[in-house]
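One-letter residues, chain by chain:
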Amino acid sequence: KNAAEISAKSIKEIVLTGVNIGDYGKGEFGNKKHEHTFLELVQALDEVEGIHRLRISSIEPNLLKNETIEFVSQSKTFVPHFHIPLQSGNNEILKLMRRRYQRELYTDRVEQIRKLMPHACIGVDVIVGFPGETDEHFLDTYKFLQEMDISYLHVFTYSERDNTLAAEMDGVVPVNVRRKRSRMLRGLSVKKRRAFYEQQIGTVRTALFEAEDKDGFIHGFTENYVRVKAPY
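Rules behind the numbers
- Residues take numbers from 1 onward in each chain, read along the sequence in its written order.
- In view of the model being predicted, local features appear only for residues whose pLDDT reaches at least 70, and side-chain atom pairs are presented and counted only at 80 or more, with totals across whole chains, interfaces and linings using the full set of residues.
- To obtain the side-chain values, all non-hydrogen atoms of the structure were included, while hydrogens and water were left out.
- By definition, any uninterrupted DSSP run of H or I lasting at least four residues is a helix, any uninterrupted run of E lasting at least two residues is a strand, and each is numbered from the N terminus.
- Throughout, radius of gyration means the C-alpha value; the globule benchmark is 2.2 Å times the number of residues raised to the power 0.38.
- Only protein chains enter the calculation, and the probe is 1.4 Å; a residue is then buried if its accessible area is under 20% of its type maximum, exposed if over 50%, and partly exposed in between.
- It only takes one pair of heavy atoms within 4.5 Å for two residues to be counted as in contact.
- Only the protein chains shown count as cover for residues, and all accessible areas are computed by the Shrake-Rupley method using a 1.4 Å probe.
- N or O atoms closer than or at 3.5 Å make up a polar contact, with two conditions inside protein: a donor-capable atom paired with an acceptor-capable one, and, for residues adjacent in sequence, both atoms drawn from side chains.
- A pair of Phe, Tyr and Trp rings is counted when the ring centres sit within 6.5 Å of each other, with Trp represented by its six-membered ring. The angle between the planes then sorts it: under 30 degrees is stacked, over 60 is edge-to-face, the rest tilted.
- Residues belong to one nonpolar core when they are buried, are Ala, Val, Leu, Ile, Met, Phe, Trp, Tyr or Cys, and are joined through side-chain atoms within 4.5 Å.
- The term salt bridge refers to a side-chain nitrogen of Lys or Arg lying within 4 Å of a carboxyl oxygen of Asp or Glu.
- Where helices are involved, their axes are fitted lines through C-alpha atoms of the stretch in contact, as for all axes, and angles between N-to-C directions lie from 0 to 180°.
- Each angle gets one of four labels, with under 35 degrees taken as roughly parallel, over 145 as roughly antiparallel, 65 to 115 as roughly perpendicular, and the rest as oblique.
- Take the far helix as the reference: if the near one is turned anticlockwise from it by less than a right angle, the crossing is left-handed, and if turned clockwise, right-handed.
- Residues are grouped as follows: nonpolar covers Ala, Val, Leu, Ile, Met, Phe, Trp, Tyr, Cys and Pro; charged covers Asp, Glu, Lys and Arg; every other residue, Gly included, is treated as polar.
- Note on pairing: two strands pair once DSSP finds at least 2 bridges between them.

J.: Where do I start with the overall build of the protein in this structure?
T.: Counting its regular elements, the protein contains seven helices and eight strands. Over its C-alpha atoms the protein spans a radius of gyration of 19 Å, differing by no more than 12% from the 17 Å that the globule rule assigns to 232 residues. Expressed as lengths along the three principal axes of its C-alpha atoms, the size of the protein is roughly 55 × 50 × 35 Å. Residue burial in the protein is summarised as follows: out of 232 residues, 43% are buried. Taking contacts inside the protein between residues at least 6 apart in sequence as the whole, the part at least 24 apart equals 68%. Element-wise, carbon and sulfur atoms account for 52% of the exposed surface of the protein, whose accessible area totals about 13200 Å².

Printed below as a string of structure tokens:
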């Protein structure tokens, strides 16, 4: 219903957002079981008339099921763009972070996307400087991301929050070390994005343009999240 109302206003793209959106339907009507699943939501939205593009925002690797990836690859409106939090490429740190997955699962998800949608854009969230992250742990994450066929990174520098388990953990990483690690991963992100953009040269894509005239140009994004510009 919401999607139909939005598309009736001539809005061309809808982004699905939320905390743990892959858990959609869990705990509905007071039940612990799934009344509806995220895949069912995606399938239902794909049938709404008038929507041009549907984009899934951040979804955790353990909640991004193969059936959803397969459905998106054949969908009428869902675009080939996934933003999948990793947070660390080292399994010890993932355990300390209490993540519900290990890096092998992440590799599997990326490979599944690439197999079905070679042109897809894959973004990754990473946190540097989590308590207990040694230089070895960080380099493990760096190499893991360097070798993986991803498109860009969102890098977050860990900062202490009151009343959290992490704030009381040993192995606090000095702030200057956190910043250095952050710079390294941001540099890697620039390289990954450039390589991804270069792969798209010579392909034909649909661009959804934004309204502003910026110095005689109009900017927008392709379905697989490449930023493009054309004369206004």
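J.: I keep staring at the environment of Lys76 and nothing clicks. Help me out?
T.: For Lys76, the location among the structural elements is in the loop between helix H3 (66-74) and strand S3 (81-87). You can call Lys76 exposed: its relative accessible area is 58%. Spatially, the C-alpha atoms of Lys76 and Ala207 are 16 Å apart, while their sequence positions differ by 131 residues. For Lys76, the residues in contact, after removing those within four places along its chain, are Asp46 and Glu47. Within the local environment of Lys76, its side chain forms a polar contact with the side chain of Glu47, the two groups lying 3.5 Å apart.

J.: In this structure, what is going on with the packing of aromatic side chains? I would like to understand it.
T.: For any pair of aromatic rings, geometry is given as the distance between the ring centres together with the angle between the planes. The final tally for this structure, using the stated rule, is five aromatic pairs. Taken together, a centroid distance of 6.3 Å and an interplanar angle of 50° make the contact between Phe138 and Tyr142 tilted. In this pair, Phe138 and Tyr142 are both assigned in helix H6 (residues 135-147), four residues apart and thus about one turn of the helix distant. A centroid spacing of 6.3 Å and a plane angle of 50° characterise the contact between Phe196 and Tyr197, whose relative ring orientation is tilted.

J.: Explanation requested: the nonpolar core in the structure shown.
T.: Where a protein is soluble and globular, its nonpolar side chains tend to be buried together. The biggest cluster of nonpolar side chains holds 38 residues, and the ones touching the most others in it are Ile113, Leu145, Leu153 and Leu185. In contact with Leu185, other than residues within four places in its own chain, are Val126, Val128, Phe138, Tyr142, Leu145, Leu153 and Val155. Within the second largest apolar cluster, five residues are counted, among which are Ile93, Met97, Phe130 and Tyr158.

J.: Is there a simple way to explain the pattern of salt bridges in this structure?
T.: Pairing is possible between side chains that carry opposite charge, provided their charged atoms lie close to one another. Considering all chains together, one arrives at twelve salt bridges under this definition. A salt bridge links Arg109 to Asp108, with the shortest nitrogen-to-oxygen separation between them at 2.6 Å. Classification of Asp108 by relative accessible area gives partly exposed; the value is 33%. For Arg227, the salt bridge identified is with Glu210, shortest N-O distance 3.9 Å. Residue Arg227 is located in strand S8 (residues 227-231), and its partner Glu210 is located in the loop between strand S6 (207-209) and strand S7 (217-222); the two are separated by 17 residues in the primary sequence. The exposure class of Glu210 is partly exposed, given its relative accessible area of 31%. One network of salt bridges, in which partners are shared, links Glu13, Arg53 and Arg55.

J.: Hey, could you run me through the packing of H3 against helix H5 (residues 103-116) in this one?
T.: A pair of packed helices is captured by two measures, namely the crossing angle of their axes and the spacing between those axes. At a closest axis distance of 10 Å, the pairing of H3 and H5 adopts a crossing angle of 20°. Between H3 and H5, the crossing angle belongs to the class labelled roughly parallel. The two elements H3 and H5 meet at a crossing, and its hand is right-handed. Two secondary-structure elements touch here, H3 through Asn66, Ile69, Glu70 and Ser73 and H5 through Asp108, Arg109, Gln112, Ile113 and Leu116. Each residue belonging to the contact of H3 with H5 can be placed in one class, and the counts come to three nonpolar, three polar and three charged.

J.: Would you explain the pairing of strand S1 (residues 13-16) in this entry?
T.: The two faces of a sheet get side chains in turn, since along a regular strand they alternate between them. The alternating pattern of S1 places Ile14 and Leu16 on a buried face and Glu13 and Val15 on a face that is not buried. In this sheet, strand S2 (residues 53-56) lies alongside S1 in parallel orientation, the contact comprising four bridges. Directly across from Glu13, in S2, lies its bridge partner Arg53.

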